[in-house]
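Close look at the chain arrangement
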Amino acid sequence: MTTLSARSASARRTTPSARIADDIRHRISRGELSPGDKVPSTRRITQEWGVAMATASKALASLAQEGLVRAVPGVGTVVVDATAVPALRHGRTPGGLSRARIVRTAIALADSEGLVTLTMRRVATDLGVSTMALYRHVPGKADLVHLMSEAAFAERPLGEPHGGVGAQDWRRRLAHAARWLWQIYERHPWMTQAMASFTRPTAAPEAMRYTEWVLRALNGHGLSSYEMLHTHLTLFGHIQGLAAATEVENRARQDTGMTSEEWMASHEPHAEAVQSAGGYPTLGRLFEEEGDFVLDLDALFAFGLERILDGVQVLISRRAGSR
């Protein structure tokens, strides 16, 4: 009985329709046929493989049952979006490709060249696989960027400030959280684009854990929910804005081949010429007092953070006074 069953299974795998389905399936897996592309029609199959129309129809029906293709009226049979097929959306390919590996490769690419260069095709090239193979794990670029930002948030635990803090030490806790987030942006400048929207937040567990941590630090100090959330967003906006400047600086360094110090030195004659024309006495005195003036983003971050926390201190003191 076992022998007969094995023979029957083998026969099914080697039938003409099965061989045709296997060939088209391999074209899809190799990326020769992408989502939306037409697969060979029944007439084309009969011509290319020399089989009957019924055999060609059976091969396409087999692929349709697997969810790989679908019939589109007026167009023909096309490859479906691989993400619509649960069996393709999860799991690993024979080459060891996984969602985690795709995300790691995409992060490395964005870290070195920026988010603008990130495409599904480019990531596939770096991995040495077809673009179609990526769609079995990630629906598209937007979803990939979302996964990348979540991975960045999960790289290192937020933890607690060194030395520990008390329940009332909200300032140290907020400063700790802000510095932690600033370091993420320093490692991954592309995050400024991945986390760009304040008014259209998405459900992102790792990013939401950070928000929850900050809100807990503020909770119990007399602030309303509105004030707590807006304090968090103000701090987040401060970091986001300066991190965007970091990305601009990185692109400028790549384009000019000059550091910010070298750039300032090269423009010093022109700046002095403009100042000597008059009209900028305060600005001129500032440069005279500071000498070699170089803007440092880390210093701007630290200064802005302390001033924001000063403002939060005033707000908490007012709420305590009103109670």
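A brief report on the enclosed structure follows. (Residues numbered from 1 in each chain as written. Predicted model: local features only at pLDDT ≥ 70, side-chain atom pairs only at ≥ 80, totals over all residues. Heavy atoms only, no water.)

**Some thoughts on the overall build of the protein**
Across its full length, the protein carries 16 helices and two strands. For the protein, the residues scored as buried account for 34% of the 323 residues in total. Summarising the internal contacts of the protein: among those between residues at least 6 apart in sequence, 67% fall at separations of at least 24. Accessible area of the protein: about 18,700 Å², with a carbon and sulfur share of 55%. (Helix = DSSP H or I, 4+ residues; strand = E, 2+ residues; numbered from the N terminus. Buried < 20%, exposed > 50% of the residue type's maximum accessible area, 1.4 Å probe, protein only. Contact = heavy atoms within 4.5 Å. Areas by Shrake-Rupley, 256 points an atom, 1.4 Å probe, with all protein chains shown as cover.)

**Here's the deal with the side chain of T105**
For T105, the position within the fold is in helix 6 (residues 99-113). Here T105 is in contact with V123, D126 and L127, once residues within four sequence places are set aside.

**Looking at the side chain of R27**
With respect to the helices and strands, the residue R27 is situated in helix 2 (residues 16-29). When its relative accessible area of 19% is taken as the criterion, R27 is described as buried. Within polar-contact distance, the side chain of R27 engages the side chain of E48 at 2.9 Å. Residues contacting R27, with those up to four places away along its chain left out, are E32, L33, P40, E48 and W49. (Polar contact = N/O pair within 3.5 Å; in protein donor to acceptor, adjacent residues only side chain to side chain.)

**Looking at the packing of helix 10 (residues 170-187) against helix 12 (residues 205-218)**
Running from amino to carboxyl end, helix 10 crosses helix 12 at an angle of 160 degrees, the nearest separation of the two axes being 8 Å. By the angle between their axes, helix 10 is roughly antiparallel relative to helix 12. When the axes of helix 10 and helix 12 are compared, the crossing they make is left-handed. Facing W170, R173, L174, H176, A177, A178, W180 and L181 of helix 10, the residues of helix 12 in contact are Y210, W213, V214, A217 and L218. Split by residue class, the contact of helix 10 with helix 12 holds eleven nonpolar, one polar and one charged. (Axes fitted to C-alpha atoms, helices over the stretch in contact; angles between N-to-C directions. Parallel < 35°, antiparallel > 145°, perpendicular 65-115°, else oblique. Left-handed = near helix turned anticlockwise from the far one by under 90°. Nonpolar A, V, L, I, M, F, W, Y, C, P; charged D, E, K, R; others polar.)

**Some words on the environment of E160**
With respect to the helices and strands, the residue E160 is situated in the loop between helix 9 (141-153) and helix 10. Sequence separation between E160 and H176 is 16 residues, and the spatial gap between their C-alpha atoms is 7.4 Å. A polar side-chain atom of E160 sits 2.6 Å from a polar atom in the side chain of R173.

**Regarding the packing of aromatic side chains**
Here the structure, examined in full by the defined rule, presents five aromatic pairs. Centroid distance W180 to Y210: 5.6 Å. Interplanar angle 15 degrees. Geometry classified as stacked. Here W180, found in helix 10, pairs with Y210, found in helix 12; they are 30 residues apart in sequence, far enough to count as distant. Using a relative accessible area of 11% as the deciding quantity, one classes W180 as buried. Taking 4.8 Å as the distance between ring centres and 0 degrees as the angle between the ring planes, the aromatic pair formed by W182 and F301 counts as stacked. You can see W182 sitting in helix 10 and its partner F301 sitting in helix 16 (residues 297-322), a full 119 residues away along the chain. Summarising the burial analysis for this pair, W182 and F301 share the class buried. Through a chain of ring-to-ring contacts, the aromatic side chains of F153, W180 and Y210 assemble into a single cluster. In this structure, R173 is placed above the aromatic ring of W213, and the distance from its NZ or CZ to the ring centre is 4.4 Å. (Phe/Tyr/Trp six-rings, centres within 6.5 Å; stacked < 30°, edge-to-face > 60°. Lys NZ or Arg CZ within 6 Å of the ring centre and 35° of its normal.)

**Comments concerning the packing of helix 6 against helix 7 (residues 120-127)**
The N-to-C vectors of helix 6 and helix 7 enclose an angle of 105 degrees; their axes lie 10 Å apart at closest approach. Classed by the angle they form, the pair helix 6 and helix 7 counts as roughly perpendicular. Of helix 7, the residues touching helix 6 (which contributes R101, I102, T105, A106, L109 and E113) are R122, V123, D126 and L127. When its residues are assigned to classes, the contact of helix 6 with helix 7 shows five nonpolar, one polar and four charged.

**Examining a nonpolar patch on the surface**
There is a patch of nonpolar side chains on the surface, built from Y280, L283 and L286 and spanning about 270 Å² of accessible area. Among the structural elements, L286 can be located in helix 15 (residues 281-290). (Patch = residues over 30% accessible without salt bridge, like charges linked within 9 Å, V, L, I, M, F, W, Y side chains within 5 Å. Salt bridge = Lys/Arg side-chain N within 4 Å of Asp/Glu carboxyl O.)

**Observations concerning the pattern of salt bridges**
Summed over all chains, the structure comprises 15 salt bridges. With a closest N to O distance of 2.7 Å, R171 and D310 form a salt bridge. Residue R171 is located in helix 10, and its partner D310 is located in helix 16; the two are separated by 139 residues in the primary sequence. In this structure R171 comes out as partly exposed when scored by relative accessible area, which is 22%.

**Overview of the nonpolar core**
Core analysis: the largest hydrophobic core is formed by 55 residues, its most contacted members being L118, V123, L144, M148, F153, L181 and Y210. Residue assignment for this core shows that the elements contributing at least two residues are helix 6, helix 7, helix 8 (131-135), helix 9, helix 10, helix 12, helix 13 (225-256) and helix 16. When residues in this core are grouped by element, the largest group, ten residues, is from helix 10. Those residues in contact with M148 that sit more than four places away from it in its chain are V103, A106, I107, A110, L115, L118 and W190. Among the nonpolar cores identified, the runner-up in size contains 15 residues, and I20, I45, L60 and L63 belong to it. (Core = buried A, V, L, I, M, F, W, Y, C linked by side-chain atoms within 4.5 Å.)

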